[in-house]
Amino acid sequence: DAGVIQSPRHEVTEMGQEVTLRCKPISGHDYLFWYRQTMMRGLELLIYFNNNVPIDDSGMPEDRFSAKMPNASFSTLKIQPSEPRDSAVYFCASRYTGGVGTGELFFGEGSRLTVL
Amino acid sequence: AQTVTQSQPEMSVQEAETVTLSCTYDTSENNYYLFWYKQPPSRQMILVIRQEAYKQQNATENRFSVNFQKAAKSFSLKISDSQLGDTAMYFCAFPLLSSGSARQLTFGSGTQLTVLP
């Protein structure tokens, strides 16, 4: 089975530009999470969806960040306008609501964003 | 407040030796899971091992095992016969119940392990 697929793997852009990160979760998974990883703050949860509905976006840093999940197989994280401090690795992860509900996540390979 | 604490930012070990990475956590729950994830230079987050809190037996996956001390809220990872490919950042993770009633993984700050030849 294919894992969580993210694109692009690397993105270099200039301050003020719009950035869109994409994620395809594992088929059958009903939860999708967006994390950001930086040296200073480690892994931070930005937002998560359940059955395509945003449940908790309290980790989204600013209004410049937005996330959507139009269907069960696709999600986007958009930054507009981007700033140098947004430079980080952004991870998408998914899981299913198993009978036990372990909380285990399956991660994509991450998108490394550099804003100049 | 920090819920998952890894107090060792960096560690090194000689190839073939054994190393233990520590993790402590805080929860009022009685039944839960704990995880160790590995992030090699490729940056892919890979599940190493999981522990179910209601099981007294420590989890083992080949060279990886845990020392789970529920009363002390301690969850350390032991790597035996360390290999060069074990060089990675290791994260301890605990699935917190969120405001949305779903569990979200909360990660420790990580321990960078280097296996020396």
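Our structure's up above, just so we're on the same page.
Residues numbered from 1 in each chain as written. Chains lettered and ligands numbered in written order. Predicted model: local features only at pLDDT ≥ 70, side-chain atom pairs only at ≥ 80, totals over all residues. Heavy atoms only, no water.

Some details on the overall build of chain B
- Tallying secondary structure elements over chain B gives 0 helices and 12 strands in all.
- Radius of gyration (C-alpha) of chain B: 14 Å, near the 13 Å computed for a compact globule of 117 residues.
- Dimensions of chain B along its principal axes, counting C-alpha atoms only, are 45 × 30 × 20 Å.
- When contacts within chain B are restricted to residue pairs at least 6 apart in sequence, those whose partners lie at least 24 apart make up 53%.
- Carbon and sulfur atoms make up 46% of the accessible area of chain B, which totals about 5,700 Å². (Helix = DSSP H or I, 4+ residues; strand = E, 2+ residues; numbered from the N terminus. Rg over C-alpha atoms; globule rule 2.2 N^0.38 Å. Contact = heavy atoms within 4.5 Å. Areas by Shrake-Rupley, 256 points an atom, 1.4 Å probe, with all protein chains shown as cover.)

Concerning the packing of aromatic side chains
- Under the counting rule described, the total for this entry stands at 17 aromatic pairs over all chains.
- Residues A:Phe107 and B:Phe107 carry aromatic rings whose centres are separated by 6.0 Å and whose planes lie at 65 degrees to one another, so their mutual orientation is edge-to-face. Of this pair, A:Phe107 sits in strand 10 (residues 106–107) while B:Phe107 is found in strand 11 (residues 103–107), placing the two residues in two different chains.
- By relative accessible area, which is 6% here, A:Phe107 ends up buried.
- Given a relative accessible area of 8%, B:Phe107 falls into the buried group.
- Cluster of aromatic residues (ring-pair linked, three or more members): A:Tyr31, A:Phe33, A:Tyr35, A:Tyr48, A:Phe91, A:Phe107, B:Phe35, B:Tyr37, B:Phe91 and B:Phe107. (Phe/Tyr/Trp six-rings, centres within 6.5 Å; stacked < 30°, edge-to-face > 60°. Buried < 20%, exposed > 50% of the residue type's maximum accessible area, 1.4 Å probe, protein only.)

Description of the environment of A:Glu83
All names here are of chain A.
- Along the chain, the position of Glu83 falls in the loop between strand 8 (74–79) and strand 9 (88–95).
- The class of Glu83 is partly exposed, set by a relative accessible area of 23%.
- On a C-alpha basis, the gap between Glu83 and Pro8 in space is 18 Å, while along the polypeptide they are 75 residues apart.
- With residues near it in sequence (within four places) discarded, Glu83 still touches Met15, Arg64 and Val115.

Some thoughts on the state of the cysteines
Residue and element names in this part refer to chain A.
- One pass over the structure, following the stated rule, counts 2 disulfides over all chains.
- There is a disulfide in this structure between Cys23 and Cys92, and the S-S distance comes to 1.9 Å. The sign of the -65 degrees torsion about the S-S bond sets the Cys23-Cys92 disulfide as left-handed. Pair noted here: Cys23 is in strand 3 (residues 19–24) and Cys92 is in strand 9, with a separation of 69 residues, a long-range link. (Disulfide = S-S within 2.5 Å.)

Focus on the interface of chain B and chain A
- Across the boundary between the two partners, chain B contributes 21 residues, which contact 26 residues of chain A.
- Each partner contributes to the roughly 1,900 Å² buried at the junction of chain B and chain A, and carbon and sulfur atoms together form 50% of this total.
- By the criterion of area lost to chain A, the three top residues of chain B are B:Arg43, B:Gln44 and B:Gln104, representing 32% of everything that side buries.
- At the junction of chain B and chain A, the tally comes to 1 salt bridge.
- At the junction of chain B with chain A, the criterion picks out 9 residue pairs in polar contact (both at pLDDT 80 or more).
- Residue composition of the side of chain B that touches chain A, by class: 10 nonpolar, 8 polar and 3 charged. (Buried area = accessible area lost by both parts, 1.4 Å probe. Salt bridge = Lys/Arg side-chain N within 4 Å of Asp/Glu carboxyl O. Polar contact = N/O pair within 3.5 Å; in protein donor to acceptor, adjacent residues only side chain to side chain. Nonpolar A, V, L, I, M, F, W, Y, C, P; charged D, E, K, R; others polar.)

What about the side chain of A:Thr13?
- Inspection of the secondary structure puts A:Thr13 in strand 2 (residues 10–13).
- Contacts of A:Thr13, omitting those with residues within four sequence positions, involve A:Val19, A:Ser82, A:Leu113, A:Thr114, A:Val115 and A:Leu116.

A look at the environment of B:Asn62
- Residue placement: B:Asn62 occurs in the loop between strand 7 (60–61) and strand 8 (64–69).
- Separated by 54 residues in the primary sequence, B:Asn62 and B:Leu116 place their C-alpha atoms 20 Å from one another.

What to know about the sheet that holds strand 1 (residues 5–7) of chain A
All names here are of chain A.
- One open sheet accounts for 4 strands, arranged 1-3-8-7; its pairing is antiparallel. The sheet is open, and its two borders are formed by strand 1 and strand 7 (65–71), each paired with just one other strand. The mean inter-strand angle of the sheet, taken between neighbouring strand axes irrespective of direction, is 15 degrees.
- As defined by bridge partners, strand 7 adjoins strand 8 across 5 bridges and the pair is classed as antiparallel. Pairing of Ala67 across the sheet is with Leu77, part of strand 8. (Pairing = 2+ DSSP bridges. Axes fitted to C-alpha atoms, helices over the stretch in contact; angles between N-to-C directions.)

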